[in-house]
Amino acid sequence: MTVLISTCCIKKKKLPEILKIFRKKNILNVELSAGYYQKNLNQVISRFSKKMNLQTHNYFPVPKKPFVFNLASENVSIKSKSIKHALKAIKISSRLKRKIYSFHAGYLVDPNIDDLGKDMQKTKVFNRSKAIKRFIKNIHYLAKFAKKLNVILLIENNVVTKQEVENFKKNMVLMADPKEINYIFSKLPNNVKMLLDVAHFKVSSKSLNFPLIKSVKKINKWIYGYHLSDNNGLEDSNKPVTNKSWFWPIIKKNLNYYSIEVKIKNYQKIIIQK
């Protein structure tokens, strides 16, 4: 079992600073996620990967010019940027000890970059069936490339809030509900697995009215890793997990990917218990 800590746990610091903090705290398994654009990224990764186990996730490496990563977009430019970004992340992953690249499922909208992490504002919504076809096609393309480099791809389930469903009068993200998760994975090659974000699933279950525990069991065969945090079921707030968190009774205990993705207010108080 490998437990990683996401770099997104520490805000407003650049990658080398975060990795120095983690290394000082003896946190050596790290998920590289979002943050700031980093010059000389290859040198930074090469330097820290000698003594740390690094793994890439979603919007990493952060592009110099921000955009919304969306592999289901009907916008040709956004689709092209998203594929190019994923290919770059896969190449980086192939040079790391942990040859895994995980990323979010697509959206039925192209949200503004400032709306991410908040309730999305109403905008043009894509046709769902066409978006799913585009998403599956793009994943096949990435999976073929990843296979040549011995990289495993993981798709993270999206989150949709009740407020977003009310605003759009529909679910405007892919792979938030178990039925769609099962359908899409049934169409993908075997080097593409699932990253279950338990916090996303908790919020989506309330927004889309599906049973939480039973639904995890329905998608269990695809799960290869977990993102761990907790919330009140209304928003993805990245609260710390506790021994009372809902998912412990059903989580797989024999995987190699458990990433802690919580907000840390004071990183000086981080304590790693062995």
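See the structure shown above.
An account of the accompanying structure is given in this report. Small disclaimer: the values here were computed from a predicted structure and weren't measured.

Observations regarding the pattern of salt bridges
Right, so step 1: With the rule as written, the count across this model stands at 3 salt bridges.
Right, so step 2: In this structure, the salt-bridge partner of R128 is E180, at a minimum N-O distance of 2.8 Å. Taken together, the residues R128 in helix α4 (residues 128-148) and E180 in helix α6 (residues 178-185) connect sequence positions 52 residues apart.
Right, so step 3: For R128, a relative accessible area of 25% translates into the label partly exposed.

Some words on the sheet that holds strand β4 (residues 100-104)
Right, so step 1: Read around the closed barrel, 8 strands run β1-β2-β3-β4-β5-β6-β7-β8, paired in parallel fashion. Each strand of the sheet is rotated relative to its neighbour by a mean of 30°, with strand direction disregarded.
Right, so step 2: Note that strand β5 (residues 152-156) and strand β6 (residues 192-197) share 4 bridges and pair parallel. The residue bridging I155 from the neighbouring strand is M194, located in β6.
Right, so step 3: Running at roughly 150° to β5, α4 makes contact with β4, β5 and β6 of the sheet.

As for the packing of helix α3 (residues 76-94) against α4
Right, so step 1: Taken N-terminus to C-terminus, the directions of α3 and α4 make an angle of 25°; their axes are 10 Å apart at the nearest point. It follows from the interaxial angle that α3 and α4 lie roughly parallel. Of the two possible hands of crossing, α3 and α4 adopt the one that is right-handed. Each of K79, I83, A86, L87, I90 and K91 in α3 lies in contact with α4, whose residues at this interface are N138, Y141, L142, F145 and A146.
Right, so step 2: Here the residues of the contact of α3 with α4 are counted per class, giving 8 nonpolar, 1 polar and 2 charged.

Observations regarding the packing of aromatic side chains
Right, so step 1: In the structure shown here, the tally under the stated rule is 8 aromatic pairs.
Right, so step 2: Arranged with centres 6.3 Å apart and planes meeting at 80°, the rings of F69 and F103 form a pair that is edge-to-face. Taken together, the residues F69 in the loop between β3 (53-57) and α3 and F103 in strand β4 connect sequence positions 34 residues apart.
Right, so step 3: A residue is classified by how much of its surface remains accessible, and F69, at 6% relative accessible area, is buried.
Right, so step 4: On the basis of relative accessible area, F103 is assigned to the buried category, the value being 0%.
Right, so step 5: Through a chain of ring-to-ring contacts, the aromatic side chains of F69, Y101 and F103 assemble into a single cluster.

Re the environment of E180
Right, so step 1: A relative accessible area of 8% places E180 in the buried class.
Right, so step 2: When the C-alpha atoms of E180 and I219 are compared, they prove to be 10.0 Å apart, with 39 residues separating the residues in sequence.

Some points on the side chain of N171
Right, so step 1: Tracing the sequence through the fold places N171 in the loop between α5 (162-168) and α6.
Right, so step 2: Since its relative accessible area comes to 12%, N171 is described here as buried.
Right, so step 3: At 3.1 Å, the side chain of N171 and the backbone nitrogen of V173 are in polar contact.
Right, so step 4: Sequence-distant contacts of N171, defined by excluding residues within four places in its chain, comprise L108, R128, V160, A176, D177 and L208.

Some details on helix α7 (residues 198-208)
For an α-helix, the turn length of 3.6 residues means that residues three or four places apart are oriented alike.
Right, so step 1: Within α7, 9 of the 11 residues are buried, which leaves it mostly tucked inside the rest of the structure.
Right, so step 2: By the burial criterion, the buried members of α7 are V198, A199, H200, F201, K202, V203, S204, S205 and S207.
Right, so step 3: Packing partners of the buried residues in α7 comprise β5, α5, α6, β6, α8 (212-219) and β7 (223-228).
Right, so step 4: The N-cap of α7, judged by a side-chain oxygen 3.0 Å from the amide nitrogen of A199 a few residues on, is D197.
Right, so step 5: At the exit of α7 stands N209, carrying a positive phi of roughly 60°.

With respect to helix α1 (residues 15-24)
Right, so step 1: All of the buried residues in α1 are L15, P16, I18, L19, I21 and F22.
Right, so step 2: As for α1, its buried residues are in contact with β1 (3-6), β2 (29-33), α2 (41-48) and β3.
Right, so step 3: The first or second residue beyond α1 is N26, which carries a positive phi of 65°.

What to know about the packing of α1 against α2
Right, so step 1: For the pair α1 and α2, interaxial distance at closest approach is 11 Å and the crossing angle is 5°. Taken as axis vectors, α1 and α2 run roughly parallel relative to one another. Residues L15, P16, L19, K20 and R23 of α1 form the contact with α2, whose participating residues are L41, V44, R47 and F48.
Right, so step 2: Split into classes, the residues belonging to the contact of α1 with α2 amount to 6 nonpolar, no polar and 3 charged.

A look at the nonpolar core
Right, so step 1: If you look at the biggest cluster of nonpolar residues, it comprises 83 residues, and the most contacted ones within it are F135, L153 and I155.
Right, so step 2: Beyond its immediate stretch of four places on either side in the chain, F135 contacts L71, A72, A105, G106, I155, L174, M175 and I184.
Right, so step 3: If you look at the next biggest cluster of nonpolar residues, it comprises 5 residues, including L4, L154, L195 and Y257.

Parameters and conventions
Residues numbered from 1 in each chain as written. Predicted model: local features only at pLDDT ≥ 70, side-chain atom pairs only at ≥ 80, totals over all residues. Heavy atoms only, no water. Salt bridge = Lys/Arg side-chain N within 4 Å of Asp/Glu carboxyl O. Helix = DSSP H or I, 4+ residues; strand = E, 2+ residues; numbered from the N terminus. Buried < 20%, exposed > 50% of the residue type's maximum accessible area, 1.4 Å probe, protein only. Pairing = 2+ DSSP bridges. Axes fitted to C-alpha atoms, helices over the stretch in contact; angles between N-to-C directions. Contact = heavy atoms within 4.5 Å. Parallel < 35°, antiparallel > 145°, perpendicular 65-115°, else oblique. Left-handed = near helix turned anticlockwise from the far one by under 90°. Nonpolar A, V, L, I, M, F, W, Y, C, P; charged D, E, K, R; others polar. Phe/Tyr/Trp six-rings, centres within 6.5 Å; stacked < 30°, edge-to-face > 60°. Polar contact = N/O pair within 3.5 Å; in protein donor to acceptor, adjacent residues only side chain to side chain. Core = buried A, V, L, I, M, F, W, Y, C linked by side-chain atoms within 4.5 Å.

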